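# Inside the fold
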Amino acid sequence: ADVAGKTAFITGGANGIGLGIARALVGAGAKVVIADIRESALAEAKASLGADDRVETVQLDVTDRPGFARAADQAEARFGKIHLLIGNAGVGIMGPIVDARYDDWDWAMGVNFGGVINGLVTILPRIRAHGEGGQIVTTSSQSALIPIPFSATYTAAKAAVLGLSEAIRGELAAENIGVSAFMPGPVQSNIAMSGELRPDEFKADSGYVKREEELERRPISPLWMTPDEVGERVLAGIRANDLYILTHPEFAKGMRTRFDAILASMPDEPINQERAEAIGFLLGN
Ligand code: NAI
């Protein structure tokens, strides 16, 4: 999709990757609305982007559905139409599966997957209504393809985001709405600070909450990619309407290993042609 003169609504845009995407889009001539739960970070993000006439901020918890509709109204009131939805807000939730309790699952799925769903339900109809086309970008993760040990809740949500994005791509193509699943590897960001965002309602039945302070002290390597580097990759992926936007070739070997194992598990039998025709619409080839 074209981005110059278009409006992008970016969730989780006040820090890290979302801010990197915002910077790339502003640089390419887009208008951006950065929506984030961290009110104080929004002002800083806006100042760092410059281009005040093309940047709007809105405080939003992506799990708040009425709030999402109000944020979209605000975006439209400021810039008219929304063309690009960047469903990027996410929280890093880690811990062994044996300690995962309902509050951990509900928070992880609610923000990391539910936030993307809420963006889609709120904003897709608005993109369709103006008929100018657009782009849906979801921030999944490399972990959707190579699961991270000791992060089942996070991995499950990111795999769901990938599946959702793949499933809707074909459906929206006819309306000139592209879909890209963004699956970054390690990027320098504030994600280790996610624990400070855990709402009180998800603390009582959590096996992870106590560990979240330790996570905040986890060092970030300067060798990890920068938000601005990944922002430029996302911009290129949007322009090319790439279904998959990846960042780290280092993961290729692991991905091949995984997919070879999946293929090796197929029944080793000749293809049944009649059955193939009967299920043809599912085959993807
Ligand atoms: P970050 O913590 O720097 O940025 C995430 C932003 O989302 C923050 O500004 C935060 O305030 C906001 N946010 C969190 N919960 C929210 C909510 N309920 N409603 C609205 N905003 C909310 O972290 P980062 O790394 O930039 O994360 C962005 C996305 O990238 C996330 O979806 C994350 O899972 C994903 N990701 C990050 C990787 C990394 O290595 N940093 C790797 C793969 C994926």
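### Notes on the packing of helix α1 (residues 16-27) against helix α2 (residues 39-49)
The relative placement of two packed helices is expressed as an angle between their axes plus a distance between the axes. Across the interface, α1 lies against α2 with an axial gap of 10 Å and an inter-helix angle of 30 degrees. Here α1 runs over α2; the crossing is right-handed. Between α1 and α2, the contacting residues are Leu19, Ala22, Arg23 and Val26 on the first element and Ala45, Ser48 and Leu49 on the second. Of the residues that constitute the contact of α1 with α2, the class distribution is five nonpolar, one polar and one charged.

### Describing the site of the ligand
Close contacts around the ligand come from 28 residues, with Ile17, Asp36, Tyr154, Lys158 and Ser189 the closest. At 2.8 Å from an oxygen atom of the ligand is found a main-chain nitrogen or oxygen belonging to Asn190. In isolation the ligand has 810 Å² of accessible area, and contact with the protein removes 96% of it. For the shell around the ligand, the secondary-structure elements that each account for two or more residues are α1 and α6 (152-173). Residue composition of the shell around the ligand, by class: 13 nonpolar, 11 polar and four charged.

### Here's the deal with the side chain of Thr247
Here Thr247 shows up in the loop between β7 (244-246) and α9 (252-264). Of note is the side chain of Thr247, whose polar atom sits 2.9 Å from the backbone nitrogen of Gly185. A distance of 2.6 Å separates a polar atom in the side chain of Thr247 from a polar atom in the side chain of His248. Look past the residues within four positions of Thr247 in its chain and what remains in contact with it is Phe182, Met183, Pro184, Gly185, Met225, Val230 and Arg233.

### Some thoughts on unusual backbone geometry
Despite not being glycine, Asn176 has its phi angle at roughly 65 degrees, a positive value. Taking the relative accessible area as the measure of exposure, Asn176 reaches 55% and is therefore exposed. At Asn241, a position not held by glycine, the phi torsion is positive, near 50 degrees. Its location among the elements puts Asn241 in the loop between α8 (227-239) and β7.

### Side note on the packing of aromatic side chains
In this structure the tally under the stated criterion is one aromatic pair. For the ring pair Phe9 and Phe68, a centre distance of 5.7 Å and an interplane angle of 25 degrees mean the geometry is stacked. Here Phe9, found in strand β1 (residues 7-11), pairs with Phe68, found in helix α3 (residues 65-79); they are 59 residues apart in sequence, far enough to count as distant. Overall, Phe9 belongs to the buried group, its relative accessible area being 0%. Taking the relative accessible area as the measure of exposure, Phe68 reaches 0% and is therefore buried.

### Topic: the environment of Asn88
In this structure, Asn88 sits in the loop between β4 (84-87) and α4 (102-112). Classification of Asn88 as buried rests on a relative accessible area of 9%. The spacing of Asn88 and Ile10 is 78 residues in sequence and 6.7 Å in space, taken between C-alpha atoms. If near-sequence neighbours (up to four positions away) are discounted, Asn88 is found in contact with Thr11, Gly12, Ile17, Gly18, Ile21 and Thr139.

What counts and what doesn't
- Residues numbered from 1 in each chain as written.
- Predicted model: local features only at pLDDT ≥ 70, side-chain atom pairs only at ≥ 80, totals over all residues.
- Heavy atoms only, no water.
- Axes fitted to C-alpha atoms, helices over the stretch in contact; angles between N-to-C directions.
- Helix = DSSP H or I, 4+ residues; strand = E, 2+ residues; numbered from the N terminus.
- Left-handed = near helix turned anticlockwise from the far one by under 90°.
- Contact = heavy atoms within 4.5 Å.
- Nonpolar A, V, L, I, M, F, W, Y, C, P; charged D, E, K, R; others polar.
- Near = heavy atom within 4 Å.
- Polar contact = N/O pair within 3.5 Å; in protein donor to acceptor, adjacent residues only side chain to side chain.
- Areas by Shrake-Rupley, 256 points an atom, 1.4 Å probe, with all protein chains shown as cover.
- Buried < 20%, exposed > 50% of the residue type's maximum accessible area, 1.4 Å probe, protein only.
- Phe/Tyr/Trp six-rings, centres within 6.5 Å; stacked < 30°, edge-to-face > 60°.

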